[in-house]
Amino acid sequence: MTVFFVGAGPGDPDLLTIKAAKVIERCPVCLYAGSLVPAEVVARAPEGARVMDTAPMTLDETHAEIVAAHGRGEDVARVHSGDPSLYGAIAEQVRRLEADGIPYEIVPGVPAYAAAAAALGQELTVPEIAQSVVLTRVSMKSTSMPEGETLENFARTGATLAIHLGVRALREIERVLVPHYGADCPVVVAYRVGWPDEMLIRGTLADIREKVRAEKITRTALILVGPALARGRDFRDSALYDPAHPHVLRPKIARAS
């Protein structure tokens, strides 16, 4: 048997990859994070499948379910939100599977930052404005950040920031980022991207906290920060399609007639 760590995407069942859908549809055991994965996603499980919401379960309990399935020779779909490689808490699960000799495979999914950018209709990397995206989070009581991985350090780059698990720390985010980005820097708080109650709140570092407070959002939100988020901003075209910049697939420079 194999354990499949399946990235279910940010919420919209239509954003499941074909491979993810096929895995869920054929696995007799489906363990999913019910607080983050819509019921429509795991409704694809085959009739009679053992489908369990792991939100109230401990790591020991979920691993015990996998070990039991392994003993029965049954494949397991371990369904996570977004992409399992980002804050998926799969590292500790993989460690236990390897210790017990249980094979596994990871099926990637659409990450929240990509879905948020799509919902905004914007690119996160704009020529000469921002060419990097930093995926990070704020320090929490449960898990601190490694030394050096601070918002201040990332802010010095001027890159587009995608801050996870930080909607309750907007005051601190504002305090740290304003000196580097400016109070008028664009910010988007993307709440439950891909869900029916999706909300995209636009603002600046100076006013986003009040806007989010007005909507009573306290969880399940991604914060995007950076000048690339400005709408209608003047910027130069990418060199990718510029006739004056040949490349291996377009070796000749176009000449004006």
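On a predicted model such as this, the values are computed, not experimentally measured, just so you know.

On to the overall build of the chain, then. When helices and strands are counted, the chain shows eight helices and ten strands. Looking at the chain as a whole, 43% of its 257 residues qualify as buried. Taking contacts inside the chain between residues at least 6 apart in sequence as the whole, the part at least 24 apart equals 66%. Carbon and sulfur atoms make up 52% of the accessible area of the chain, which amounts to about 13,900 Å² in all.

Turning to helix α5 (residues 112–120), a few remarks are in order. Of the residues making up α5, those classed as buried are A115, A116, A117 and L120. Considering only its buried residues, α5 is in contact with β8 (186–191), β9 (199–204) and β10 (221–225). Backbone geometry just after α5 places G121 at a positive phi near 70°.

Turning next to the side chain of Q122. Topologically, Q122 is positioned in the loop between α5 and β6 (133–137). According to the relative accessible area criterion, Q122 is buried, its value standing at 18%. For Q122, the side chain forms a polar contact with the main-chain oxygen of L229, separated by 3.0 Å. Each residue touching Q122, except ones within four places of it in the same chain, is listed here: A117, R202, A228, L229, A230 and R231.

Formed by 26 residues in total, the largest nonpolar core has its most connected members in L161, I163, L177 and V225. Listed by contribution, the elements that provide at least two residues to this core are α6 (151–155), β7 (160–164), α7 (170–181), β8, α8 (208–214) and β10. Among the elements that take part in this core, α7 stands out by supplying five residues, more than any other. Excluding residues within four positions of it along the chain, L177 makes contact with L151, A155, L161, I163, G182, L205 and V225.

The strands that make up a sheet are held in pairs by hydrogen bonds between backbone atoms, and each pair lies either parallel or antiparallel. An order of β6-β7-β10-β8-β9 is seen for the five strands of this open sheet, with the pairing classed as mixed. Either end of the sheet is taken by a strand with one partner, and the two such strands are β6 and β9. The average angle at which neighbouring strand axes cross in this sheet is 20°, direction not considered. Sheet topology note: the β8/β10 ladder contains five bridges and is antiparallel. Its bridge partner lying in β10, A190 is registered against L222. Across the sheet, α5 touches β6, β7, β8, β9 and β10, and the angle it forms with β10 is around 70°. Together, β7 and β10 form the strand contacts of α7, whose direction differs from that of β7 by roughly 170°.

Most of strand β4 (residues 76–80) sits inside the fold, with five of its five residues counted as buried. Alternating residues of β4 divide into V76, R78 and H80 and A77 and V79, and every residue in both groups is buried. Where strand β2 (residues 29–32) lies against β4, four bridges are found, and the strand directions are parallel. By the bridge assignment, L31 is partnered in β4 with R78.

Attention now goes to the pattern of salt bridges. Going through the model one piece at a time under the given rule, you end up with 13 salt bridges. Among the ionic pairs, R209 bridges to E210, the shortest N-O distance being 4.0 Å. For E210, a relative accessible area of 42% puts it in the partly exposed group. One connected set of salt bridges, linked through shared partners, spans E174, R209, E210 and R213.

What follows concerns the side chain of Q93. Topologically, Q93 is positioned in helix α4 (residues 91–99). Here Q93 falls in the buried class, since its relative accessible area comes to 6%. Here the side chain of Q93 touches A89 through a polar contact of 2.8 Å, landing on its backbone oxygen. Residues within four places of Q93 in sequence aside, it is in contact with F5, L59, R78, H80 and G88.

To continue, consider the environment of R78. Tracing the backbone shows R78 in strand β4. When the C-alpha positions of R78 and V23 are compared, they lie 9.9 Å apart, and in sequence the two are 55 residues distant. Apart from residues lying up to four places away in sequence, R78 is in contact with V3, F4, F5, V6, L31, Y32, A33, T54, T62 and Q93. Polar contacts involving the side chain of R78 include one to the side chain of T54, which spans 3.3 Å.

Conventions we followed
Residues numbered from 1 in each chain as written. Predicted model: local features only at pLDDT ≥ 70, side-chain atom pairs only at ≥ 80, totals over all residues. Heavy atoms only, no water. Helix = DSSP H or I, 4+ residues; strand = E, 2+ residues; numbered from the N terminus. Buried < 20%, exposed > 50% of the residue type's maximum accessible area, 1.4 Å probe, protein only. Contact = heavy atoms within 4.5 Å. Areas by Shrake-Rupley, 256 points an atom, 1.4 Å probe, with all protein chains shown as cover. Polar contact = N/O pair within 3.5 Å; in protein donor to acceptor, adjacent residues only side chain to side chain. Core = buried A, V, L, I, M, F, W, Y, C linked by side-chain atoms within 4.5 Å. Pairing = 2+ DSSP bridges. Axes fitted to C-alpha atoms, helices over the stretch in contact; angles between N-to-C directions. Salt bridge = Lys/Arg side-chain N within 4 Å of Asp/Glu carboxyl O.

Fair warning: the whole summary comes from geometry, so function is off the table for now.
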